[in-house]
Each structure stands twice: as structure tokens, then as C-alpha cells.
Amino acid sequence: MSDPIATISDLLAPIFAALNGGESADPTVRPSDRADAQVNGALPLAKRIGGNPRDIAQAVVDSGVLDVVASELEIAGPGFVNVTFSPEFVANQLAEVSADDRLGVPATTVPKTVVIDYSAPNVAKEMHVGHLRTTLIGDALVRMMEFRGHRVIRENHIGDWGTPFGMLIEHLVDLGEERAAAHLSLGDLDGFYKEARAAFDASEEFQARARQRVVLLQGGDAETQRLWGLLVELSTKHFNTVYEMLGVHLTDDDLAGESTYQPLMPEVIERLRRLDLLTESDGADVVFPPGFTNRDGDPLPLIVQKGAGGFNYATSDLACVIDRVERLGADLILYVVDAGQQQHFQMVFTVAEMAGWLAPPREAVHVAFGIVLGTDRKRLRSRSGEPMKFVELLDEALERAAVAIDEKDPDLTADQRGETIHMIGIGAVKYAELSTDRVKDYVFDWDRMLSFDGNTGPYLQYAHARICSIFRRADIERSSVRGLPILIDTPQERGLALRLLAYPTAIDTTLETYSPHKLCTYVYELATDFTAFYEHCPVLKADEPIRTSRLALADLTARTLAHGLDLLGIDAPEQM
Ligand code: ARG
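Residues numbered from 1 in each chain as written. Predicted model: local features only at pLDDT ≥ 70, side-chain atom pairs only at ≥ 80, totals over all residues. Heavy atoms only, no water.

Draft legend 1. Main features of the side chain of Thr456. Checked against the element boundaries, Thr456 lands in the loop between helix 16 (446-449) and helix 17 (457-474). Accessibility expressed as a relative area gives 3% for Thr456, which makes it buried. Among the polar contacts listed, one links the side chain of Thr456 to the backbone oxygen of Ser451, at a separation of 2.7 Å. Once residues lying within four places of it in the same chain are set aside, the contact partners of Thr456 are Tyr431, Arg448, Met449 and Ser451. (Helix = DSSP H or I, 4+ residues; strand = E, 2+ residues; numbered from the N terminus. Buried < 20%, exposed > 50% of the residue type's maximum accessible area, 1.4 Å probe, protein only. Polar contact = N/O pair within 3.5 Å; in protein donor to acceptor, adjacent residues only side chain to side chain. Contact = heavy atoms within 4.5 Å.)

Draft legend 2. Expanded view of the site of the ligand. Around the ligand sit Asp117, Ala120, Asn122, His131, His157, Tyr313, Asp317, Tyr335, Val337, Gln341 and Phe345, and those are all the residues in its vicinity. Between Ala120 and the ligand, the recorded distance is 2.9 Å, taken from a backbone N or O atom to a nitrogen atom. Take His131: an N or O atom from its side chain is 2.9 Å from an oxygen atom of the ligand. Burial of the ligand by the protein chains amounts to 90% of its free accessible area of 350 Å². (Near = heavy atom within 4 Å. Areas by Shrake-Rupley, 256 points an atom, 1.4 Å probe, with all protein chains shown as cover.)

Draft legend 3. Expanded view of the pairing of strand 11 (residues 363-369). Here strand 11 lies mainly inside the structure; 6 of its 7 residues are buried. As paired strands, strand 10 (residues 332-338) and strand 11 are joined by 7 bridges and run parallel to one another. The partner of Asp338 across the bridge, within strand 11, is Phe369. Handedness of the crossover is the feature at issue here: the chain leaves strand 10, passes through helix 13 (residues 342-354), returns alongside strand 11, and the resulting connection is right-handed. (Pairing = 2+ DSSP bridges. Right-handed = clockwise from strand over helix to strand, strands pointing away.)

Draft legend 4. Examining helix 18 (residues 491-501) more closely. Those residues of helix 18 not exposed but buried are Glu493, Leu496, Ala497, Leu500 and Leu501. In an axial view of helix 18, the angular spread of the buried residues amounts to 135°, which keeps them on one side of the axis. On its buried side, helix 18 packs onto helix 1 (4-19), helix 4 (87-98), helix 19 (503-512), helix 20 (516-536) and helix 21 (546-567). (Arc of directions from axis to C-beta.)

So, in C-alpha cells, the structure goes:
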């Protein structure tokens, strides 16, 4: 156990249990501003067993169990115990972490099956910046959950079903398959969609064909399905180029679009009817989940079937819950979807609970996120004034990264330059996305995100590369210092060491609320602590054994930085 807080909790568990008459009681150990850690559990325990918290605090100190970790113990206030770690304890913990490939982060003892629903762009529609957010947040959560040892199932719930497909297929037929394919493979999905829309609005004959096409599609007509499949294939090809460019772990195997759940839809209605949850309202089948009302205070229905066979987004999300729980065995389902869909998900989850499909401890969580704004605080737009497209945004990121790199590092070889531009450009966008609290709208600011100073991707990548260069300059193999003793002497070494030991806690806190920005904050603080250390503590010029100790500390910092960035989906170049 490398995390000092967890170590102290473990050490105190028997003491607290003994005081609590043999039953376990949480010692409530927390990081502290005054010392390194603080034991807060004496107060609740005193309340429970009816005693004086200061006496319990005294018993903790007198027991001597903390002597192996602390150089100082102090009882404060009504009964807190402040713990200052001894340098030997910190050094020992650090040596353990340095020898550990997992950097002290244990695999979970309660692995869960977690379905993560993310990215989910719509067929024959352009991916927009909102899809960028879900793709990046989802990818980071996948990486963290997998690293913690959970069984993660990625699902890309693309919008590949519904009435617009009548119009899209007819437009495909009118254009001819070859021309349509050429058009769509350019990635101009919105253009295709707009043309179809225009044709629909312009002609009643087209409208009639489009409606007939929807009926054929729902009826499973083979030729219609083939044409529909073509649209899906051309769109997903485009999505895949974007995923590849981003280095996001999503492939065709992860596709589970709305169409996947069509066969289950009648059963959803069937089951709801059998459970007596369906009500007829204005010719539609609806469920009234308790607690949802409209502006006038009237009960708000979740519509699951409009007329015969007219299923919708809610029906498919209910089918989805059934499939994920009953077929995949999900313990936890995360929906990384914009905050605008909050009411939809709250209603779907409530109905699924009413139907018994989603019973605790199984859990569904809407991992909501806010809107991307331009520096003018309006919805982000491209240079031409159109809503910003995903691909345009990535191209611009690369362009801007190239300018920044050429200025900072004109001596790179052509290969190094190309690779570095990619890592910095994409990394900058990803870090900007992930480092703000996801529930807030955030301002997309090119200059800030590509800056080499402050809480940015390039700054962290540079911090990593700088450590690598210390080793390169001295011609020392980084792995040669791994697991060697680390001596804690100066306050800067101590600060850096404690930060490194807090890595497992940082990951846990991040996953508690599915908030990648918390891991970003950790990685940033780690880089800042390293800067303070490097400014005050000579490394290569120090005498042995300090020199090796400081090199070991630097190596562990670089590993933790690279690892943390990797969990966020960001590359850490060794040179830039
Ligand atoms: N395709 C939808 C959109 O672009 C997101 C789907 C999210 N997932 C779900 N199970 N509803 O907004």
C-alpha cells in the first residue's frame, strides 16, 4: 500500500475496532493543511460510544501504531490527530512505488462490468464540437476504468435510425450510389444532409417517396436495408478517420447504434404494458414517471410509442438499458452525453427503475457536460462563421501547433517535427477539453491551450520532455535508477514525494465523480512541484548518494506524468 493515507487507515483499523467494542469504525484519515494527514475519526466514535474525543485521540497516540509512519503526532482542537510523516516512511513508500509498474495504484478488488456510452455521432450528419467532448471524456474514463481493473465495454450509440433516413435514402437514390459515395467520403456529411432536406422541402413527390422509404426500412425491405447500410458505412468510415486522428480507442466493433435495438423495441412496450406502466395519451403510449412535471406543473410523460410501431429515442434507450443489463451484465452504465439531454436520461432511468430493469446496486449515471463556447462566449464557430466542425477544429489545432513548434524548436528533423506537431496539437485540444470541470460550459481559447505556460497540455508535455533530457544529457539509462533508495531531505523533495504518493488517491477521486479534470489538476500540480524541486535541488551536480536519489525522484516524476497523461489519452513525447 503506497498511499500514506490508506496506510494510516489500515494501521488504525484495529485500534478503532477495539475502542468500538470489536466492531469496525472508520478512522477517517484525510490529507491536512497543518500537517501531512489528519485523523478525524475520534469525534464520531466518541459520539457513538459516549466518551471524550480527546481521550480517544490520546489512545490513538499512546497505542504507538503510528510511530512507524510519523515523526510527530499532535492532538488538536476537540480531538483531531495531526500526523507528520517521517522522512524514512516517505522514502520507503516511494521506493515501493518506484519499483512498481502500476506506480502504487492497486487493481480494484471489486471489478465491475462497466458499459461506457460515448461519442455517438449521427449518421449522415457532421460530428460537431459536442461530439468532441463526449469522445474525449469517454475515452479518458475508459482508460481509467480499465487501468483500475474493471471490465469495460465501449458502446458507440450512433444515431443510425429514425424518419430522416427515408429522406436520406431517397436522396442517395437520386444522386446515384457512386456520386453519393464520392460526396460522403469527402467527409461533407452536413452538405449531403442539407441537400436531402432541401429536396424534401421542395417536392411533394419526394416527401411521399421518403415516407414510403421509412415504411420499407422499418419493414425490413432488403434493398432499402442495403441502401441504409451504405449510408451507415460511409459515415462510420468518416468517424473512424477522426478517431484515428485522435488516437481514441473506438472501432467498428464498438458500434451499437440505435438500429441495434430495433428488434427489442416491441418487447419494451410489451413489458411495460404487462407491468401496467403504460398509459394512453393523445394517441401515444406513454409512461408517467413520478416527479416529472412540465412548466404548468402537469405530469410529464415519457412517450415510448407514437401510433403503431412509431418508436423513438426513449424507446431505444429503454431497450438499451435492458440489453446492457441483461445481455452484457452491466453493473454500471455511464452515459457521456451533453447536459441538454439531462431530462431525457432522468426520465429513462426512472422508468427503467419502475420496471425493475435497473435495480440497485446496478447504476446508470448521466456523465453530463456543458457547451463549447468561443472566446466571444457564444457557441464556437469556424472562421467562415459556420458552427465549428470537428475536423476543421483538429486541422486548425495542427496548423497552430506547427507554428508554436517551429518557434520553440527549429532544430527538429522532419520526422520528429511531424510527430511532435501531432502530439502537441491533439494533446492541447484534449487537455483543454478535459481540464475544465465537465459540467460547465467552457471557452475554447486557441492561444491559451497552445501556450507552454500554465495549466495546458504543452506545458505538461514539456515538463515530461525536460526530465527525459536530464537523463539524455548525462547519458544515464532511466531504468537504471528505478527502485533505488530515495532520500528525502529538502522541503521541495518532500513536497514532490508526497505528491507522487498521492497518485492513487487522485485517480480514485477522479473516478468518484467521473471528472477527468481532477486528474488534470493532479498532473499539473505534480509538474509544478517538480519545477520547484528542480529550481532548488541540483541533480546532476549533486554528490552521491543524493545525485542518484534525485535522479530516481526525477524518473518517477516523469513516469507518473506520462502515465497520468496517458490515462487522459495524451501522448508524452520524450523530446520536444
Ligand atoms: N446520438 C446522440 C447525439 O448526437 C447521442 C446518443 C447518446 N447515447 C444514448 N444512449 N442516448 O446527441
